[in-house]
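# Commentary on secondary and tertiary structure
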Amino acid sequence: MRETVFRNARVLDVARGAYDDGQSVVVRDGVIVAVATDAHRLAGADAREIDVAGRVLMPGLCDAHVHVTAFTPDFALLGRTAPSYVTVQAQDILQGMIGRGFTTVRDAGGADWGLAKALAEGAIVGPRLLYCGHALSQTGGHADMRGPGQHNLDQCLCCAGLGQVCDGVPEMRRACREEIRKGATHLKLMVSGGVASPTDRIDSTQFALDELRAACEEAEAANIPVMAHAYTGRAAVRALEAGVSSIEHGNLIDQAAIDTLLRLDRWLVPTLATYHALAAEGVEAGMPAELNKKVYTVLEAGTEALRMAAKAGVKLVYGSDLLGTMQRHQLTEFAIRAVVQDPIDILRAATTQAAALFRMEDRIGAVRAGYLADLLIVDGDVLHSVAPWSVPEETIKMVMKDGEVLVSR
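Not measured: the values here are computed from a predicted model.

### As for the overall build of the chain
Secondary structure assignment for the chain yields 14 helices and 18 strands. For the chain, with 409 residues in total, the buried portion stands at 58%. Here the analysis covers contacts within the chain between residues at least 6 apart in sequence; of these, 69% occur between residues at least 24 apart. Surface accessibility of the chain: about 15,800 Å² in total, with carbon and sulfur atoms responsible for 49%. If the 40 positive side-chain charges of the chain are averaged to one point and the 51 negative ones to another, these points end up 2 Å apart.

Right, dumping it as structure tokens:
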């Protein structure tokens, strides 16, 4: 039996938006078993004791939109890279994420069961990994990385890469079933154009409605959610009506999309950090210049979309979508969103709301008995300020996942 007791903790109750001072928290075999002022009395004599010294003890963060295999923003190059090399690069990316306090991340295309298994077994240090395998795209869609002069579609699905191309309902169903067979925790559909793809327009819609419905039917049969890459309101509404659980990005959504999100009680996952990073250093990081120009189509609109959604009461979840060397900016999403949202609402997006989207609300996102021991010790008033997240190497003193201390400063 592995047991840890935290004493003198300022426990953050994210749901209430309040601190509980002077708390003890007992962790046993990777699970929180007690949270109370006198909980330490339940710990055994051999328990490891950690004095939190009045700092914040809070649930680990969640990022609902990452690409842990994307060591480069050039997805065409990524698809031509040996899987062994990509795996080595992914180890550094994952270790960086756990160091920034993210204990659960949801990959949006590229990661697979092997990485998830290695993380679960402790062979790689990093967060818990939810994965879709390959994102699904139509010909000429956001995961089709062929240039206009290329014709051969080389889809070696055991290799690295963002996604796979499938056209028509039978191909869509087969592609979904393949990813589900390989253990996907969710499916990813490209339902509009994007920045990183060479031949589509940002404002295009992608996949026919019967294809979208087929994918959502397969996900429903497997009891897993569907995430949809979408920029415009038109693309978002089509995908939501077909049955997707979350709209990713949504920089160009309109009132019709917001009304649909509310009516169907679905989630929006803005990823503003990536556009700021791409505008500042995307070409330097390796994104082809002609693609990087697309960023400015959605950069400023993202903040306004967030403002509209937050004001309307849309369920918002934290996402970053960073690529290559820009992954280090993962926590800048806090400062960017703070222009619109209060710190506690951003924290909810990265804990309780993310947990609900992942269908893990009974296991992660709270410091509560019966929940997995994914915990952070943070030096700073995270309830009222986003400043502590700007210097994680100074403020995040400890990161625990499944009861194991993976980062200690």
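Read on for the rest.
### Digging into unusual backbone geometry
Residue Asn-223 is not a glycine yet carries a positive backbone phi of 60°. By the element assignment, Asn-223 lies in the loop between helix H5 (209-222) and strand S12 (226-232). Of note in this structure, Asp-402 is not a glycine but carries a positive phi near 55°. Within the fold, Asp-402 resides in the loop between strand S17 (396-401) and strand S18 (404-408).

### Description of the packing of aromatic side chains
Inspection of every chain in the model, using the stated rule, returns 5 aromatic pairs. Ring centres of Phe-334 and Trp-389 lie 5.0 Å apart, and the angle between their planes is 20°; this geometry places the pair in the stacked category. Of this pair, Phe-334 sits in helix H11 (residues 332-337) while Trp-389 sits in the loop between strand S16 (375-378) and helix H14 (392-395); the two residues are 55 residues apart in sequence, bridging distant segments of the chain. You'll find Phe-334 and Trp-389 in the same group, each marked buried. A network of ring pairs unites the aromatic residues Phe-102, Tyr-318, Phe-334 and Trp-389 as a single cluster. Here the guanidinium or amino end of Lys-315 rests over the ring plane of Trp-267, the centre of that ring lying 3.5 Å away.

### Brief notes about the side chain of Glu-179
Within the secondary structure, Glu-179 sits in helix H4 (residues 168-181). Owing to a relative accessible area of 2%, Glu-179 belongs among the buried residues under this scheme. Here the side chain of Glu-179 touches His-134 through a polar contact of 3.3 Å, side chain to side chain. A polar side-chain atom of Glu-179 sits 3.4 Å from a polar atom in the side chain of Gln-164. Apart from residues lying up to four places away in sequence, Glu-179 is in contact with Cys-132, Gly-133, His-134, Gln-164, Ala-184 and Leu-187.

### Looking at the environment of Ala-64
With respect to the helices and strands, Ala-64 occurs in strand S6 (residues 61-66). The residues contacting Ala-64, other than those within four sequence positions of it, are Arg-106, Met-227, Glu-248, Val-269, Val-317, Tyr-318, Gly-319, Leu-357 and Phe-358.

### Focus on the environment of Thr-332
Relative to the elements of secondary structure, Thr-332 occurs in helix H11. Assessed through its relative accessible area of 31%, Thr-332 is described here as partly exposed. Sequence spacing of Thr-332 and His-67 is 265 residues, and the spatial spacing of their C-alpha atoms is 16 Å.

### A look at the packing of helix H7 (residues 255-264) against helix H10 (residues 295-312)
Packing of H7 against H10 brings their axes to within 10 Å, and their N-to-C directions diverge by 40°. By the criterion of interaxial angle, the relationship of H7 to H10 is oblique. As H7 runs across H10, the sense of the crossing is right-handed. On the side of H7, the interface is formed by Gln-255, Ile-258 and Leu-262, while H10 contributes Met-308, Ala-309 and Ala-312. Its residues assigned to classes, the contact of H7 with H10 shows 5 nonpolar, 1 polar and no charged.

What counts and what doesn't
Residues numbered from 1 in each chain as written. Predicted model: local features only at pLDDT ≥ 70, side-chain atom pairs only at ≥ 80, totals over all residues. Heavy atoms only, no water. Helix = DSSP H or I, 4+ residues; strand = E, 2+ residues; numbered from the N terminus. Buried < 20%, exposed > 50% of the residue type's maximum accessible area, 1.4 Å probe, protein only. Contact = heavy atoms within 4.5 Å. Areas by Shrake-Rupley, 256 points an atom, 1.4 Å probe, with all protein chains shown as cover. Lys, Arg positive; Asp, Glu negative; His and termini not counted. Charge placed at Lys NZ, Arg CZ, Asp CG, Glu CD. Phe/Tyr/Trp six-rings, centres within 6.5 Å; stacked < 30°, edge-to-face > 60°. Lys NZ or Arg CZ within 6 Å of the ring centre and 35° of its normal. Polar contact = N/O pair within 3.5 Å; in protein donor to acceptor, adjacent residues only side chain to side chain. Axes fitted to C-alpha atoms, helices over the stretch in contact; angles between N-to-C directions. Parallel < 35°, antiparallel > 145°, perpendicular 65-115°, else oblique. Left-handed = near helix turned anticlockwise from the far one by under 90°. Nonpolar A, V, L, I, M, F, W, Y, C, P; charged D, E, K, R; others polar.

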